[in-house]
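Descriptive structure summary
Okay, here's what each chain looks like letter by letter:
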Amino acid sequence: MAEHNEHAGHEHGAPTGFIRKYIFSLDHKVIGLQYYFLALASVFIGMLLSLLMRIHLIWPTAHIPLMGEIKPEMYLTLLTMHGTFMVFFVLTTAPQSGFGNYFLPIQIGAPDMAFPVLNMLSFWTTFVAFLVMIAAFFVEGGAPLHGWTGYAPLSAIPSAGPGETLGADLWIISIAIFCIASLMGALNFITTILDLRCKGMSLMRMPLTCWAWFITAILGLLAFGVLLSAGILLLADRNLGTSFFVPGGLVVNGTQIQHKGGSPLLWQHLFWFFGHPEVYIAILPGMGVASQLLSTFSRKPIFGYKAMVYAIVGIGVLGFFVWGHHMFMSGMSPYSAFAFSLMTMAIGVPSAIKTFNWLGTIWRGRVQFDSPMLFAVGFVSLFVSGGLSGPFLAQPLLDIYLHDTFFVVAHFHLIMGVAAIFGIFAATYYWFPKMFGRMMNEPMAQAHFWLTLIGTYAIFMPMHYEGMAARPRRYSQLTEVAWLQHLMPVEKFVTYAAFITIAAQFIFVFNLFWSMFKGQRATDNPWHSTTLEWTTATPPVHDNFGCKTPVVYHGPYEYSVPGAPNDYVMQTDPTPHGGHVPKEDKPLEAE
Amino acid sequence: MEMTERHQHGEHAEGKATYFYVWGALIVLTVVEIYLAYNRVFPNPLHMLEVLLALSVVKSVLIIGWFMHLKGETIVMKWVLMGSLVMCLLLMFVFFVDAERILKLGTGR
Amino acid sequence: MADAVVHHPSEAGAFEPPFLGAYSKKIGMWLFLLSDSLTFGALLFAYSYGRIATTNWPTPFGQHSIINASVMTACLLSSSVTMVLAVLAAGRHDRPWARNWLIATMIFGTAFIVLHAWEWNGLRAEGMTLSIFPAIPHAEATEMGKQASAVPQFAGTFFALTGMHMLHVTIGVIYLGVLAFGRKWLPVMALAAIGTFFIPAWSTFHWLTYPIIGAIVVIGIILWLKPKQYDAPDIEVGGLYWHFVDLVWMFIFPLVYLMSTRIT
Ligand code: HEM
Ligand SMILES: [Cu+2]
C-alpha cells in the first residue's frame, strides 16, 4: 500500500472522484465487478421468469400477483426473456467479461487491459443493451415470443402475435448492441493476452483460466459479428420491408403476408453459426476455473497441462464446424446433416480429454473440500451428466425423435446452464477474498452447494424422461393433454424442486453481501494458490502490482513440489524449488 | 515504443512509387471487371461470378498486402488473421447447399 | 505498446515480446476488422443465398448506374492512396502533411458518400425502393424501377448491403477527422449534423444526421476520458480501417452492381 501512495500524483495512480472511479472507471477490476453485478441482476430476473413458467406448468390458472393469470402467449414471453437474459446477460457476461476482466490482467502480470477506454465502453454498451432488453417488457404488447433463438418467420413478422411488434424490435436491437459490446470486449481480451504478458509468462505458463478466456474471446470475436449481421437483416425484414427470412405466400393470423422470396433456413444457419460457438463461450471459462480449482484444492499439478490447452483449442476450432446439429429437423440437406453429425461427435473427444484430465488431477490428491472446490467438482459432475446426452442428440436419426422435446432442454440446461453457473459460483467463492479482502462464510457456502447441486439434478434429470416420453418443448398448457397426464407428477416434482433451488440462491446472495462487510478478514493467499493474483495486495491496488511488473519463473500449477517448504511454488518465486517464503502470506492486521 | 520505430523503418522502405503502382493495378483490374460485366463477355452468370470474384480476390490481396501492410507483418500474424478469416468464410458455403435445394423442393428433381 | 503501459517506457522490457510482432493498437484494429469482415461476409452470403434461391433475379442496372458506381469505386481507390501517403507523412513526423493527406482522404470519402446517397435518391425516385422509405415527391416509376421491384429481395439486399457499407464510410470519415483535428472536429460534426438535418426528410442525405449525432456522443466521451494528440501509430491504425472499407467495396461492387448489369 505504501508503495502505491508514492505514486498518487503519478499518471498511473488511481483516479479520484466518484464518477471516474466507479461509473466511467477505466480500471479493469472495477469494470469486472460492474459486469459481475450486472449479471447478478440478470440472473435474478431470469430466475423469477423461470419460476413463473414452472408455476404456470402445474397450475395454469393460478392467479399471480400483479400479473393475473398467465396466458399461453405470456408463457412464451417468459420463456424468451428467460433464455435471453440467461444466455446473453448471465452466461456470456459473468464468466468472461466479469471474472475475465478482473483476473485476466492480474494473472498474466499486466497493469490493466490493453485498451482501458474500450473496456469501459464495452461495459456501458452492454449496459445499454440490458436497458433496451428490459424496456421490451414495458412496451405495448410486451416482450417477444420467439425464443432466445429468434427463429424466423415468427420473429420477422410483427403481426405474428403480441410482443412481436415493438417488443421484438427492442429485443433485436438489444442483441445487436450486445454483439457490438462483446466484439469490443473480445478484441481487448485477445490483445491483452498477446501483448501484455509479463516477463517469463510464456503462453505455456499461463493458468488454464487465461487459456479459456483467450479461446472464448476468439470465439466471441468470430461469432458475434455473424449474429450482428443476422440481427441487422432481421431488423430490415421487420421494418424496411425486405424479405431475407420470410418465405412467400405465408398466411399469419388469417392475413396473407406481403413478403416473399426469403428463407427461414437462412436465419437458422446464421443464428447457429453464432449459436454453437456461443454455447462454448458460456462454458469454456467455467472449464478454466474448474481446472484451476481442481489442481489447487487437490494440491496436485493439473494432469496433462498441455493436453488441456490443446483440448481447449480443439474445442474452440471444432466448435465452428458443428452448428448444423441444431438444424437436423429444419429441412436442411441430409448430406450436410451427415457431416455436421460426424463433426459433432468428434467434438466429444476433446471434451472427454478434459474430463479425464480433471479426474486424473483429483486422483490420489490431498483433496480439500472447501466451497470453491465443491463447486468445481459439481461443475465436472454436471458437465459429464449433460455431456453424455450430447452424442445421442448428435445423431440425426435419434434427434428427429428427441428434437424440440424436454430431452434437449435437459441436455443444455445441465451442460451449459447449470454447469456454467457452477463455474461462476466456484469462481466467486475462490476469488471473493481477493476481490473484497474478506472470506465468505463457509457453512452458508456448504449449505448453498448441497441444496443447489441436489436441487438442479432434481429439476433437470427428470426432464430427460419427460423428453423421451415426448413432452414437447416450448408449450404452455399441458395439463389438459390426455397423453401427457401420466407426466403430471413429474412436472409437479420439478416445480417443487425449482422452488427449493431458487430459495437456496438467497443464501448465496446473503452470504455475498454479508461477507463483503462482515466476513472474516482474508490473507493475501488464503488458498495457497500459485498464480499471480495471489501475490498482490488484497484487494489489488489500482495498477495491480504497484507500479512494477512481476517476473514469472514457473508454470501455474506447481503443487506438492518435493522438497519445497510450502509444498507449492509461486509463479513469481525465483528459486527452483520454492525456498522463498512469501512474506505477505500472513494475516493482515486489522486497522 | 521501440516497436513503432522498427516498423517505420521496416515497412515503409518501399517508398511512394509502389503505392501508385498498386493503385494503378487496382484501377486497371476494376476497368477489366467493368468491361467483362458490361459486355457480358461470359454469358453464363456462374462463369461471370467466378471471374469477377477471382479478380476481386486479387484486388483484396493488393489492398491487404500493400495498403494495409500485411506483407510487412510477421508470418504468424499473416497466418492467424487470414487463416481464421478464410476458414470462417469458407464454412458459410454450406449455406448454399440449402439455397439450391429450395429451388428443387417439391419439383421432384 | 498498449495504452496501459505507454506511461511506463522504462518498463517496456518488462513484458514478453508481443506475439504477433506489432503494437497493440494495430492488433486491436486487425481483430476488429477480422470480425467486421465476418459481418460483411455474412451479409454477402445472405445476399448470395437469396439470389441462388430466387429464380428470375432482375438485372436492371444500366449504363448510368454502372458509370456512377465506377466513379465511386475510383474515389475509394484513390482515397486509399492518399491515406497511405498520410501514414507515410505521419511516420516522418510531418504533421502538416499527414493532416493534408487525411483531409484529401476525407474529401474522397465524402465524395463517395454524396455520390452514393444521390444514387439512392435516384433509384428510389425510379421506383426501386423499400416500403418503409418515404415517397419521393414528384417521382415516377421507370422501366428500370419496375424491373427491379419484380423481386422484392433485390431492393432489400441492395439497400441493406450498400447502406451498411455507407455507414462504415461515414464512420470512417468521422474517424479520420478526429485523427486530423482532435477536439476541434466536434463542432464541425455538429454543423454537419445540423446541415443534414435541414435537408428534406425524404432525402437519403437527411438520414446521415443520426450516425453523426451518435458519433458525436461516443467521440465526446472518449476525448473527455482520454484527451490526447493523435500520433503516427494512431494514423496508421485509422488507415487500416479506411483500407478495409475500400476492401469491402471491392466485393460489393462486382456482386451487387456488376452482376446486375443490363445492356441498353
Ligand atoms: C459432447 C459435446 C456435445 C454434443 C455432442 C452436443 C450435441 C447437441 C445437439 C445435437 C443439440 C441439438 C439438439 C436439438 O435441438 O435437437 C444440442 C443442443 C444444445 N446444446 Fe449441446 N452438445 C454438446 C455440448 C454442449 C455444450 C458444452 C453446451 C454448452 C455449453 C451445449 C449447449 C447446447 C444448447 C444450449 C443446446 C440447445 C439449443 C436450443 O435449441 O435452444 N452443448 N447439443
Ligand atoms: Cu450446438
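Quick caveat: nothing in here was measured; it's all calculated off a predicted structure.

Now for the overall build of chain A. A count of helices and strands for chain A gives 17 helices and four strands. Compactness check: chain A gives a C-alpha radius of gyration of 24 Å against a globular reference of 25 Å for 591 residues, within 12% of the reference. Counting every position in chain A, which comprises 591 residues, the buried fraction comes to 65%. Considering only contacts within chain A whose residues lie at least 6 apart along the sequence, 78% involve residues at least 24 apart. Looking at chain A as shown, the accessible area adds up to about 20,800 Å², and 71% of this sits on carbon and sulfur atoms. Computed over 27 positive and 30 negative side-chain charges, the inter-centroid distance for chain A is 4 Å.

Attention now goes to the UniProt feature "transmembrane region" (unreviewed entry) in chain B. Residue and element names in this part refer to chain B. Mapped onto this structure's residue numbering, the UniProt feature "transmembrane region" (unreviewed entry) falls at residues 20-38, 50-69 and 75-97. End C-alpha to end C-alpha, residues 50-69 measures 27 Å, and it is 90% helix and 0% strand. Taken end to end, residues 75-97 comprises 91% helix and 0% strand; its first and last C-alpha atoms sit 34 Å apart.

By size, the foremost hydrophobic cluster in this structure holds 315 residues, and its most contacted members are Phe 88, Phe 379 and Trp 431 of chain A together with Met 128 and Tyr 257 of chain C. A domain-level breakdown of this core finds at least three residues from each of domain 1 (1-73) and domain 2 (74-109) of chain B. Discounting residues that sit within four places of it in the chain, Phe 379 of chain A has contacts with Ile 283, Gly 286, Met 287, Ala 290, Trp 358, Ala 419, Ala 420, Phe 422 and Gly 423 of chain A.

Turning to the site of ligand 1, a few remarks are in order. Residues and elements named next belong to chain A. Taken together, the neighbourhood of ligand 1 is formed by 20 residues, with Val 279, Asp 399, His 403, His 411 and Arg 473 sitting nearest. Between Arg 473 and ligand 1, the recorded distance is 2.6 Å, taken from a side-chain N or O atom to an oxygen atom. When contributions to the shell around ligand 1 are tallied by element, the ones reaching two or more residues are α9 (264-298), α13 (390-393) and α15 (406-436). With five residues, the top contributor of residues to the shell around ligand 1 is α15. Each residue belonging to the shell around ligand 1 can be placed in one class, and the counts come to 12 nonpolar, six polar and two charged.

Rules and cut-offs
Residues numbered from 1 in each chain as written. Chains lettered and ligands numbered in written order. Predicted model: local features only at pLDDT ≥ 70, side-chain atom pairs only at ≥ 80, totals over all residues. Heavy atoms only, no water. Helix = DSSP H or I, 4+ residues; strand = E, 2+ residues; numbered from the N terminus. Rg over C-alpha atoms; globule rule 2.2 N^0.38 Å. Buried < 20%, exposed > 50% of the residue type's maximum accessible area, 1.4 Å probe, protein only. Contact = heavy atoms within 4.5 Å. Areas by Shrake-Rupley, 256 points an atom, 1.4 Å probe, with all protein chains shown as cover. Lys, Arg positive; Asp, Glu negative; His and termini not counted. Charge placed at Lys NZ, Arg CZ, Asp CG, Glu CD. UniProt positions renumbered as here; feature names shortened; annotations may be inferred. Core = buried A, V, L, I, M, F, W, Y, C linked by side-chain atoms within 4.5 Å. Domains from an automatic or database assignment. Near = heavy atom within 4 Å. Polar contact = N/O pair within 3.5 Å; in protein donor to acceptor, adjacent residues only side chain to side chain. Nonpolar A, V, L, I, M, F, W, Y, C, P; charged D, E, K, R; others polar.

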